[in-house]
Amino acid sequence: MENIRIGIIGLGNIGTTHANNITSGKVPNMILTAICDIAKQRLDYAKITYPNAVLFEDAETMMSSGLIDAVIISVPHYDHPSLAISAFNHGLHVMVEKPAGVYTKQVMEMNDAAEKSGKVFGIMYNQRTNPVYQKLRSLIQSGQLGTIKRVAWIITDWYRPQFYHDSCTWRSTWKTEGGGALINQNPHQLDLWQWLFGMPSKIMSHVSFGKYYNIEVEDDVTAFMQYDNGMTGVYITSTGETPGTNRLEISCDMGMIVVENNKINFKRNIMSEREFNKINKEVFGILENWDCQIPTETQTEEQHALILKDFALAILKGKPLLAPGIEGINGLTISNAIHYSAWTNGWADLKNFPHDDFYKLLQEKIASSTVVKEERQVTAGTENSY
């Protein structure tokens, strides 16, 4: 295979971004040969904009057409696993948009199908290409930070007005989106959390639903995380604050890391705090530290295109994926656990997560949905689109 024939399922905002990256040549060895969407307006747009792609109204028909080697799935969240499973059954490689799904039961089924298929399975965790987070991960894994004691991530620069929530019928309901800030805005950060620090063992959360908006899903979240090694973490996010902030703080044996404004600042201790504690003989002994700016490369390529290039290399050359699709369940488990803790007013055990119980509670939320939105169409042709 010299070129990968790609079909895109869902030509909404992000699906269009992927189509443009491919057709503009930003993803070598990848050709857009097919597009599927349920909205006639989007297919009319695709006919003009991507004249070399064959258009479909039905995903199954596209997947069985013989025109594609791989699919990009960019549809509402609930449909990610079912479409991925169907694609694997058709012998296709799969790139799924984030999040992997809405609840862990369906994602486990998707992962099982992926492993049985032997096909390349990626997820669009494009933040893994960010040089800042790549450098931070290198610092952690190399041991240069020593033991991590506490992590705090405040990410509240997700402001979304009521008009946003009303802009599409599937937004901000349990039935059609499956959640709010956690499932829509935060999947990248929850993935980065587990990618950098591993999975917590327990989570206790306080979550507000419809605190700032006429929605039924979460718009304000505070979660406390515990790890078996003694590390703790606090994760705070909201879509109702402006101006917001994005600050990641890591307290470690060798000092303090602060990631803000796409920069890494390291207040580096001259020696391990634990070792200093053993030898210090002063009542108010202070450990000297240096204020260091950690250099990182400048990102020159578009993140989504980088993930697609990585996907292509995995298919053509067998290169290990930067963002394997099977890892999508990790960030989703954290998201589900935060919801579960809030719904049950107790700890969520991630090592023995109650997948079935969570699913039942989610179905109750869907069944009791009462929010009626005033629907607004902000972009012609996208309201009923994938």
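Since the structure is predicted, the reported quantities are computational estimates derived from the model, not experimental observations.

Undergrad: Requested: an account of the overall build of the protein chain, with residues and values cited.
TA: Counting its regular elements, the protein chain contains 13 helices and 15 strands. A globule of 386 residues ought to have a C-alpha radius of gyration of about 21 Å, and the protein chain, at 22 Å, matches this closely. Put simply, 69% of the contacts in the protein chain that link residues at least 6 apart link residues at least 24 apart. Carbon and sulfur atoms form 49% of the exposed surface of the protein chain, whose accessible area is close to 17,100 Å². Between the centroid of the 34 positive side chains of the protein chain and the centroid of its 42 negative side chains there is a distance of 4 Å.

Undergrad: Got a sec to walk through the sheet that holds strand S4 (residues 70-73)? Specific residues and values, please.
TA: Either a parallel or an antiparallel arrangement is found when strands of a sheet pair, and the pairing is made through backbone hydrogen bonds. Here we have 6 strands laid out as an open sheet, ordered S3-S2-S1-S4-S5-S6, and parallel in their pairing. Two strands in the sheet have a free side with no partner beyond their single neighbour: strand S3 (54-56) and strand S6 (121-123). Averaged over neighbouring strand pairs, the angle between their axes works out to 25 degrees when direction is ignored. In terms of strand pairing, strand S5 (residues 93-96) meets S6 through 3 bridges, oriented parallel. Paired with Val 96 across the two strands is Ile 123, which belongs to S6. This element, helix H11 (residues 303-317), spans strand S1 (4-9), strand S2 (30-36), S4, S5 and S6 of the sheet and lies at about 160 degrees to S5.

Undergrad: Can you explain the pattern of salt bridges? Please cite residues and give values.
TA: Summed over all chains, the structure comprises 17 salt bridges. For Glu 273, the salt bridge goes to Lys 149, with nearest N and O atoms at 2.8 Å. Placement of the pair is Glu 273 in helix H10 (residues 273-279) and Lys 149 in strand S7 (residues 148-155), with a sequence separation of 124 residues. For Glu 260, the salt bridge is made with Arg 247, and the minimal N-O distance between the two is 3.0 Å. With Glu 260 in strand S12 (residues 255-260) and Arg 247 in strand S11 (residues 246-252), this residue pair connects regions lying 13 residues apart in the sequence.

Undergrad: Residue-level account of the nonpolar core, with values.
TA: In this structure, Ile 6, Ile 9, Leu 32, Val 71, Ile 73, Val 94 and Phe 311 are the most contacted members of the largest nonpolar core, which totals 56 residues. If one sorts the elements of this core by residue count, H11 sits on top with 7 residues. Among the nonpolar cores identified, the runner-up in size contains 53 residues, and Val 132, Met 231, Cys 252 and Trp 343 belong to it.

Undergrad: Which residues make up the packing of aromatic side chains, and what are the values?
TA: Enumeration over the complete set of coordinates arrives at 14 aromatic pairs. Note on Tyr 103 and Tyr 359: the rings are 4.8 Å apart at their centroids and 50 degrees apart in plane angle, and the pair reads as tilted. Taken together, the residues span a long stretch of sequence, with Tyr 103 in the loop between S5 and helix H5 (104-117) and Tyr 359 in helix H13 (residues 355-367) at a distance of 256 residues. The side chain of Lys 105 reaches across the aromatic face of Tyr 359, ending 5.8 Å from its centre. Seen from the ring of Tyr 164, Arg 160 lies directly overhead, with NZ or CZ sitting 5.3 Å from the centre.

Undergrad: Which residues make up the packing of helix H6 (residues 131-141) against helix H9 (residues 187-197), and what values do they have?
TA: One can describe the packing of H6 onto H9 by two numbers: an axis separation of 9 Å at closest approach and a directional angle of 30 degrees. In terms of their interaxial angle, H6 and H9 are classed as roughly parallel. Between H6 and H9, the residues in contact are Tyr 133, Gln 134, Leu 136, Arg 137 and Ile 140 and Leu 192, Trp 195, Leu 196 and Phe 197, respectively. Of the residues belonging to the contact of H6 with H9, the class tally is 7 nonpolar, 1 polar and 1 charged.

Undergrad: Tell me about the side chain of Ser 251, and please be specific about residues and values.
TA: The topology assignment puts Ser 251 in strand S11. Look past the residues within four positions of Ser 251 in its chain and what remains in contact with it is Ile 148, Lys 149, Arg 150 and Met 256.

Undergrad: Before we move on, can you summarise unusual backbone geometry with the specific residues and values?
TA: Pro 99 follows Lys 98 through a cis peptide bond whose omega is -10 degrees. Relative to the helices and strands, Pro 99 resides in the loop between S5 and H5. Note that the residue after Thr 242, namely Pro 243, is joined by a cis bond; omega there is -5 degrees.

Undergrad: Go over the environment of Leu 308 with me, naming the residues and quoting the values.
TA: Counting through the fold element by element, Leu 308 comes out in helix H11. Along the backbone, Leu 308 and Glu 97 are 211 residues apart, and their C-alpha atoms lie at a distance of 11 Å. Beyond its immediate sequence surroundings of up to four residues, Leu 308 is in contact with His 18, Ile 22, Val 27, Met 30, Ile 72, Met 95 and Met 124.

Undergrad: Residues and numbers for the packing of H5 against H13, please.
TA: The N-to-C vectors of H5 and H13 enclose an angle of 125 degrees; their axes lie 8 Å apart at closest approach. Our classification of the angle between H5 and H13 gives oblique. Contacts from Thr 104, Lys 105 and Met 108 in H5 reach His 355, Asp 356 and Tyr 359 in H13. Looking at side-chain class alone, the contact of H5 with H13 contains 2 nonpolar, 2 polar and 2 charged residues.

Each value, and the rule that gives it
- Residues numbered from 1 in each chain as written.
- Predicted model: local features only at pLDDT ≥ 70, side-chain atom pairs only at ≥ 80, totals over all residues.
- Heavy atoms only, no water.
- Helix = DSSP H or I, 4+ residues; strand = E, 2+ residues; numbered from the N terminus.
- Rg over C-alpha atoms; globule rule 2.2 N^0.38 Å.
- Contact = heavy atoms within 4.5 Å.
- Areas by Shrake-Rupley, 256 points an atom, 1.4 Å probe, with all protein chains shown as cover.
- Lys, Arg positive; Asp, Glu negative; His and termini not counted.
- Charge placed at Lys NZ, Arg CZ, Asp CG, Glu CD.
- Pairing = 2+ DSSP bridges.
- Axes fitted to C-alpha atoms, helices over the stretch in contact; angles between N-to-C directions.
- Salt bridge = Lys/Arg side-chain N within 4 Å of Asp/Glu carboxyl O.
- Core = buried A, V, L, I, M, F, W, Y, C linked by side-chain atoms within 4.5 Å.
- Buried < 20%, exposed > 50% of the residue type's maximum accessible area, 1.4 Å probe, protein only.
- Phe/Tyr/Trp six-rings, centres within 6.5 Å; stacked < 30°, edge-to-face > 60°.
- Lys NZ or Arg CZ within 6 Å of the ring centre and 35° of its normal.
- Parallel < 35°, antiparallel > 145°, perpendicular 65-115°, else oblique.
- Nonpolar A, V, L, I, M, F, W, Y, C, P; charged D, E, K, R; others polar.

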